Amino acid sequence: MKMGKDVITFNIIAFIVVGFVGIATILPFIMLLVGSFQSESSILQHGYSLLPRTFDLGAYKFIFLEPEKIFHSYLVTIFLTIAGTAISIYFSSMSAYVLARKDVKYRNGMAFYLFFTTLFSGGLVPYYLLMSNYLQLRNTMMILLLNGMFNVIYILILRTYIANSIPDSISESAKIDGANDFSIFMRVVFPLLKPALASIGLFIALGYWNDWYTATLFITKDNLFPLQYTLYRILSSTTFAKQMLQNNGAASAIELPQQTVKLALTVVATGPIVFAYPFVQKYFVAGLTIGSVKG
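Being a predicted model, the structure only gives us computed values, none of them experimental.

Cut-off values and rules
Residues numbered from 1 in each chain as written. Predicted model: local features only at pLDDT ≥ 70, side-chain atom pairs only at ≥ 80, totals over all residues. Heavy atoms only, no water. Helix = DSSP H or I, 4+ residues; strand = E, 2+ residues; numbered from the N terminus. Expected span 1.5 Å × (residues − 1). Buried < 20%, exposed > 50% of the residue type's maximum accessible area, 1.4 Å probe, protein only. Core = buried A, V, L, I, M, F, W, Y, C linked by side-chain atoms within 4.5 Å. Contact = heavy atoms within 4.5 Å. Axes fitted to C-alpha atoms, helices over the stretch in contact; angles between N-to-C directions. Parallel < 35°, antiparallel > 145°, perpendicular 65-115°, else oblique. Polar contact = N/O pair within 3.5 Å; in protein donor to acceptor, adjacent residues only side chain to side chain. 1 Å grid on protein atoms, 1.4 Å probe; cavity = no way out; pocket = protein on both sides within 12 Å on 5 of 7 lines; lining within 4 Å. Points joined across faces, edges and corners; volume = space filled by probe spheres on them. Nonpolar A, V, L, I, M, F, W, Y, C, P; charged D, E, K, R; others polar. Salt bridge = Lys/Arg side-chain N within 4 Å of Asp/Glu carboxyl O.

With respect to helix α11 (residues 194-209)
The end-to-end C-alpha separation of α11 is 21 Å, in line with the 22 Å expected for 16 residues at 1.5 Å each. Counting buried positions over the 16 residues of α11 gives 12, a clear majority of the element. Taken together, the buried positions of α11 are P195, A196, L197, A198, S199, I200, G201, L202, I204, A205, Y208 and W209.

With respect to the nonpolar core
Residues I143, I162, V189, L193 and I219 are the most contacted members of the largest nonpolar core, which totals 39 residues. Where this core is concerned, the elements lending two or more residues are α4 (67-100), α7 (141-147), α8 (152-165), α10 (181-192), α11 and α12 (213-218). The dominant element in this core, judged by the number of residues it contributes, is α4, at eight residues. The residues touching I162, leaving out its near neighbours within four places in the chain, are S93, A96, Y97, A100, V189 and L193. One finds A59, I63, V261 and V268 within the second-largest nonpolar core, a separate group that totals 17 residues.

So, the packing of α8 against α11
It is at 11 Å that the axes of α8 and α11 come closest, and there the two elements cross at 170°. Classified by the angle their axes make, α8 and α11 are roughly antiparallel. For the pair α8 and α11, contact is made by Y154, I157, L158 and Y161 and by P195, A196, L197, I200, F203 and I204, respectively.

Quick word on the side chain of Q228
Within the secondary structure layout, Q228 lies in helix α13 (residues 227-247). At 3.2 Å, the side chain of Q228 and the backbone oxygen of W209 are in polar contact. Setting aside its immediate chain neighbours within four residues, Q228 contacts W209, N210, D211, W212 and A269.

Digging into α10
Side chains that are three or four residues apart share a direction in an α-helix, a result of its 3.6 residues per turn. With 12 residues, α10 ought to run about 16 Å at 1.5 Å a step, and its terminal C-alpha atoms sit 16 Å apart, in line with that. Regarding α10, the residues found buried are S183, I184, F185, V188 and V189.

Description of empty space enclosed by the protein
In the structure shown here, the tally under the stated rule is one cavity of 30 Å³ or more. The computed volume of the largest cavity comes to approximately 50 Å³. The wall of the largest cavity is formed by L80, L144, Y208, D211, W212, T214, A215 and P226. Across the lining of the largest cavity, the residue classes tally to six nonpolar, one polar and one charged.

As for the pattern of salt bridges
According to the stated counting rule, one finds four salt bridges in the structure shown. Between R101 and D103 there is a salt bridge; the shortest N-O distance is 2.6 Å. The class of R101 is buried, set by a relative accessible area of 12%. Note that D181 is salt-bridged to R101, the shortest N-O span being 3.3 Å. On the criterion of sequence distance, the pair formed by D181 in helix α10 and R101 in the loop between α4 and α5 (107-119) is long-range, its members being 80 residues apart. Through salt bridges with shared partners, a single ionic network connects R101, D103, K175 and D181.

This is the structure:
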């Protein structure tokens with residue numbers, strides 16, 4: 001079919017608007033990347049720019065003064081992200097399937113019980129005491145896994161997706177063929193959740209990758225520090241050292257990178273996620289759009 005003038009005009013306007021949005025999104029990241037390779041004095045004198053005025057690896061050298069700690073923190077974070085995302089997706093989708101089954105007697109009550117926890121909580125002190133004193137999870141890898149494993153919002157989203165996108169007749173047909181509930185979930189329902197799981201899994205992975213607060217509360221062993229907490233400690237030590245030098249009048253004698261360190265830390269922390277996103281983008285977009293239009 002030949003497109004009319006209204007469709008062509010709409011496409012032109014849409015491409016222009018999306019193009020401007022894309023440029024506005026990528027320019028700050030380019031400025032961030034360029035600034036991380038500049039010297040501290042250049043940033044302080046000329047500010048941030050899209051084109052590098054100087055080339056200096058001082059910020060990255062400062063971050064990687066002890067490269068073994070950074071790489072070990074990378075390994076810890078990668079393990080937490082992969083293992084935590086896989087376990088969270090599995091149990092969240094299983095919980096969502098139970099809540100979506102119409103033959104489960106108390107499914108509405110269980111859904112309300114889960115949703116109630118998003119509105120009210122016991123607070124930080126009871127949570128800390130429970131994890132540290134009663135469950136004895138302090139300074140263990142398990143606390144880093146458990147903290148981001150269950151998100152009620154994701155469970156409710158998956159429940160809605162299953163209820164609206166997977167007909168009950170599929171499960172009934174599998175049950176007639178002799179499959180039990182677990183087999184129906186693993187062989188029938190779970191494979192059909194790929195777009196939704198890709199979308200939810202990306203958010204879960206980002207949560208694990210960016211988590212530093214849990215390590216602040218429960219981790220004191222260096223070999224268990226995730227990447228974000230290690231980078232946070234580097235930035236905190238830089239800020240503290242510069243303040244001490246300024247208070248002692250020695251700021252002019254020693255130039256500690258601070259602004260460029262912040263930029264370099266952001267590049268180090270976000271680089272792997274930026275490279276991983278294109279591999280799940282197709283499923284991410286499908287998961288956001290499937291089920292939004294009925295027909």
